[in-house]
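# Topology and contacts: notes
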Amino acid sequence: MSGYQDGRLRARWRRATRLLVAAAAMSAGSLVLTATLTAGTANAGPVERAALAAPALAAPALTTVTAGGAHTCAISTDGGLWCWGSNYGGQLGDGTTTNRSAPARVGAATWTDADAGSGHTCAVRTDGTLWCWGSNFRGQLGDGTTTTRTAPVQVGTVATWASVDAGPSHTCAIRTDGTLWCWGFNRTTQLGVGASPYVANTPLQVGTATDWVSVSTGFGHTCGVRTGGTLWCWGSSSDGQLGLGNLAPQTAPAQVGTATGWTGVVAGYAHTCGIRSGALWCWGENGYGQLGVSGSYRTAPVQIGAATTWSRIAASSDTACASRTDGSLWCWGKNSTGQVGDGGTTHRSAPVQVGTATTWTGEVAVTDHGCGIRTDGGLWCWGDNSGGQLGDGTTANRSTPAQVALPA
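Overview of the structure. Not measured: the values here are computed from a predicted model.

This next bit is on the sheet that holds strand β18 (residues 271-276). Taken in spatial order, the four strands of this open sheet run β17-β18-β19-β20, and their pairing is antiparallel. Of all the strands in the sheet, just β17 (262-267) and β20 (298-303) have a single pairing partner and so form its edges. Sheet twist, expressed as the mean angle between neighbouring strand axes with direction ignored, is 15 degrees. Strand direction decides the pairing type here: β17 and β18, joined by five bridges, are antiparallel. For Gly264, the partnering residue across the bridge sits in β18 and is Ile275.

Quick look at the environment of Leu329 now. With respect to the secondary-structure elements, Leu329 resides in strand β23 (residues 329-333). A relative accessible area of 1% places Leu329 in the buried class. Along the chain, Leu329 and Trp360 lie 31 residues apart, while their C-alpha atoms are 6.5 Å from each other. The residues contacting Leu329, other than those within four sequence positions of it, are Cys321, Ala322, Ser323, Val352, Gln353, Val354, Trp360, Val364 and Trp382.

Tracing the chain through its elements places Gln339 in the loop between β23 and β24 (348-353). For Gln339, a relative accessible area of 0% translates into the label buried. Side-chain polar atoms of Gln339 contact the backbone nitrogen of Ser336, separated by 3.4 Å. In this structure, Gln339 is in contact with Thr319, Lys334, Val366, Thr367, Asp368, His369, Trp382 and Gly383, ignoring residues within four places of it in sequence.

Extensive coverage of strand β1 (residues 62-67) is indicated by the burial of five of its six residues. In the sheet, β1 pairs with strand β2 (residues 71-76) via five bridges, with the strands oriented antiparallel. Paired with Val65 across the bridge in β2 is Ala74.

Summarising the element assignment, Ser169 is placed in the loop between β9 (161-166) and β10 (170-175). Since its relative accessible area comes to 7%, Ser169 is described here as buried. On a C-alpha basis, the gap between Ser169 and Gly218 in space is 9.2 Å, while along the polypeptide they are 49 residues apart. Those residues within four positions of Ser169 in sequence are excluded, and the remaining contacts are Arg138, Gln140, Gly184 and Phe185.

Bringing the pairing of strand β11 (residues 180-185) into the picture now. β11 sits mainly inside the fold: six of its six residues count as buried. Judged from the five bridges that link them, β10 and β11 form a sheet pairing that is antiparallel. Looking at the pairing, Thr171 lines up with Trp183 of β11. Remark: four residues form the turn of the hairpin made by β10 and β11, two consecutive strands paired antiparallel; Gly178 in that turn has positive phi of roughly 85 degrees. Judged from the four bridges that link them, β11 and strand β12 (residues 199-205) form a sheet pairing that is antiparallel. Counted as the bridge partner of Phe185 is Val199 from β12.

Reading across from one edge, β13-β14-β15-β16 is the order of the four strands in this open sheet, with antiparallel pairing throughout. Looking at the sheet topology across the chains shown, the edges are occupied by β13 (212-217) and β16 (250-255). The average undirected angle you get between the axes of adjacent strands in this sheet is 15 degrees. In the sheet, β13 pairs with strand β14 (residues 221-226) via five bridges, with the strands oriented antiparallel.

A few words on the environment of Ala254. The residue Ala254 is located in strand β16 in this model. Each C-alpha atom, one on Ala254 and one on Trp234, is 6.2 Å from the other, the two residues being 20 residues apart in sequence. Those residues in contact with Ala254, other than ones at most four positions away along the chain, are Leu231, Trp232, Cys233 and Leu244.

Let us look at unusual backbone geometry. Leaving glycine aside, a negative phi is the common case for residues, and trans is the common case for peptide bonds. Pro197 follows Ser196 through a cis peptide bond whose omega is 5 degrees. Looking at the element boundaries, Pro197 is found in the loop between β11 and β12.

It is worth spelling out the pattern of salt bridges at this point. Scanning the entire structure with this criterion turns up seven salt bridges. Its salt-bridge partner being Arg105, residue Asp78 comes within 3.9 Å of it at the nearest N-O pair. On the criterion of sequence distance, the pair formed by Asp78 in the loop between β2 and β3 (81-85) and Arg105 in strand β4 (residues 100-105) is long-range, its members being 27 residues apart. Judged by its relative accessible area of 31%, Arg105 falls in the partly exposed class.

For the structure on display, the rule yields nine aromatic pairs. Seen from their ring centres, Trp212 and Trp234 are 5.8 Å apart, and the 70 degrees between their planes marks the pair as edge-to-face. Here Trp212, found in strand β13, pairs with Trp234, found in strand β15 (residues 231-235); they are 22 residues apart in sequence, far enough to count as distant. Residue Trp212 is classed as buried on the basis of its relative accessible area, which comes to 5%. With relative accessibility at 0%, the residue Trp234 sits in the buried group. For the ring pair Trp262 and Trp283, a centre distance of 5.9 Å and an interplane angle of 70 degrees mean the geometry is edge-to-face. Placement of Trp262 in strand β17 and of Trp283 in strand β19 (residues 279-284) is noted, with a sequence separation of 21 residues between them. The exposure classification of Trp262 matches that of Trp283, with both residues buried. It is Arg175 that lies over the ring of Trp181; its NZ or CZ is 3.9 Å from the centre. Above the face of the Trp360 ring, Arg374 is positioned so that its terminal group lies 5.3 Å from the ring centre.

Cut-offs applied
Residues numbered from 1 in each chain as written. Predicted model: local features only at pLDDT ≥ 70, side-chain atom pairs only at ≥ 80, totals over all residues. Heavy atoms only, no water. Pairing = 2+ DSSP bridges. Helix = DSSP H or I, 4+ residues; strand = E, 2+ residues; numbered from the N terminus. Axes fitted to C-alpha atoms, helices over the stretch in contact; angles between N-to-C directions. Buried < 20%, exposed > 50% of the residue type's maximum accessible area, 1.4 Å probe, protein only. Contact = heavy atoms within 4.5 Å. Polar contact = N/O pair within 3.5 Å; in protein donor to acceptor, adjacent residues only side chain to side chain. Salt bridge = Lys/Arg side-chain N within 4 Å of Asp/Glu carboxyl O. Phe/Tyr/Trp six-rings, centres within 6.5 Å; stacked < 30°, edge-to-face > 60°. Lys NZ or Arg CZ within 6 Å of the ring centre and 35° of its normal.

The following block contains the structure:
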């Protein structure tokens, strides 16, 4: 870790992680696993490699997946929202605080977008309304309270929400008019609205811009991309995660360089990665190699390799994954629970391919566990399984992807 790392932030993160682990005592449950454990390491035998490259077994097709601290949610092609894993704060939205090791549908509503935070989940319905549930001690549900919710509660009455991104203790969302709104914890000015309020339990507009197209929430910072392909970050810069060339925090969005062409950005614990014109760039903390290069923290974007065929990227905690246009999937960074998916638990300071399959859609999510969707709509997960978040009916970690079966 960098000597400049904010110790209080890290301590809070570790306490939250211990809480997730402590909450992972599983209730009885079962799931029929429809695929054998598959290989994701160059040392695997040819039979195992063939298993990962083979088509996924028939299951309800999925379009979106998101990974929380110890839970997972996914949206199926019919708009159904499914969640499973740790449920200590009600983040599965089923009205209980009982863990689930198998996917369960969240009500009967249909949804277009969802994102899982450490202990809460938010999602946009097809009617444009925004709903959140789970832990709410910092107002991250945006419902005007700090009350934990075990079932979805609507955020205000607006029906023009387009997308949402949930962090450990704050949430941001974009409306169809291109405006950006954030709420929750603001101790490190991660809401982008200045140093006050310390906690916002309802959405606050970030500036006056109406051209936001994406946003990503880290632990103490936030980044977003605007329609001109410009990249903006704000909040904590304890390890340079804002990419501004220094360690100074920002209370409002600040542009990262002058380059355009950014098509995506993801904020991890104290690092950030993005794709610009097909090239992959990362910056910030690098204690686990999460920047995809060796060395210490970086305060400005550094390119990972020379490839310009990167298409989608995901990052959270201290791990990142990205897909290429050829359908291959690559991960790097922290790997203590197998979340890199390469068959081991060695931290990786450069991208390593997850198996040999080239049928990944690019819809991928990663924290201490990872999940990705293949071209047939099948979902595969790997990594930490302390809360049952891999959806395989167990709490055993997996260092290579295994398919998740959803109920018919």
